[in-house]
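Coordinate analysis (summary)
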Amino acid sequence: QVQLVESGGGLVQAGGSLRLSCAASGRTFSSYAMGWFRQAPGKEREFVAAINWLGGTLEYADSVKGRFTISRDNAKNTVYLQMNSLKPEDTAVYYCAADPRRWTASPFIEEYDFWGQGTQVSVSS
């Protein structure tokens, strides 16, 4: 089992940047692929980005390609989401999640076994 804690959310103007972090504890971090998801008010949780345990396989939602970058530091047990050129439609609670199928970078929410509590990202126009 792994425990996940997100940080780095906040309020930013459109066009700005934020960097989210997700710190893991418990079972070995490198045993997991990691993903970022988000949920806006009144909407279902949706995939944002994923990375396999080595960092060599990445996957992004079309809506964030070219603007967001996922990365991980296994020595620090942390996964990051660099978000640039933010838009008001990026406003949501952002969650990190761990997938024990560590070789994958899955966009499918049902494949993630462990979740953090989320961090709010608000983008003003």
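Keep in mind it's a predicted model, so treat the numbers as computed, not measured.

What follows covers the state of the cysteines. One pass over the full model with this rule turns up one disulfide. Linked covalently through their sulfurs, C22 and C96 form a disulfide whose S-S length is 1.9 Å. Disulfide C22-C96: torsion about the S-S bond near 50°, hence right-handed. You can see C22 sitting in strand β3 (residues 18–26) and its partner C96 sitting in strand β9 (residues 92–99), a full 74 residues away along the chain. Just as C22 is buried, C96 falls in that class too.

This part takes up the sheet that holds strand β1 (residues 2–7). Whenever strands of a sheet pair, they do so through backbone hydrogen bonds, lying parallel or antiparallel. Here four strands make up an open sheet; going across it, the order is β1-β3-β8-β7 and the pairing antiparallel. Each having just a single partner strand, β1 and β7 (68–73) make up the two edges of the open sheet. For this sheet the average axis-to-axis angle between neighbouring strands, irrespective of direction, equals 15°. Looking at chain direction, β3 and strand β8 (residues 78–83) are connected through six bridges and run antiparallel.

For D113, the position within the fold is in the loop between β9 and β10 (114–115). With 111 residues separating them in the primary sequence, D113 and V2 have C-alpha atoms 9.3 Å apart. Discounting residues that sit within four places of it in the chain, D113 has contacts with A98, P100 and R101.

How each quantity is defined
- Residues numbered from 1 in each chain as written.
- Predicted model: local features only at pLDDT ≥ 70, side-chain atom pairs only at ≥ 80, totals over all residues.
- Heavy atoms only, no water.
- Disulfide = S-S within 2.5 Å.
- Helix = DSSP H or I, 4+ residues; strand = E, 2+ residues; numbered from the N terminus.
- Buried < 20%, exposed > 50% of the residue type's maximum accessible area, 1.4 Å probe, protein only.
- Pairing = 2+ DSSP bridges.
- Axes fitted to C-alpha atoms, helices over the stretch in contact; angles between N-to-C directions.
- Contact = heavy atoms within 4.5 Å.

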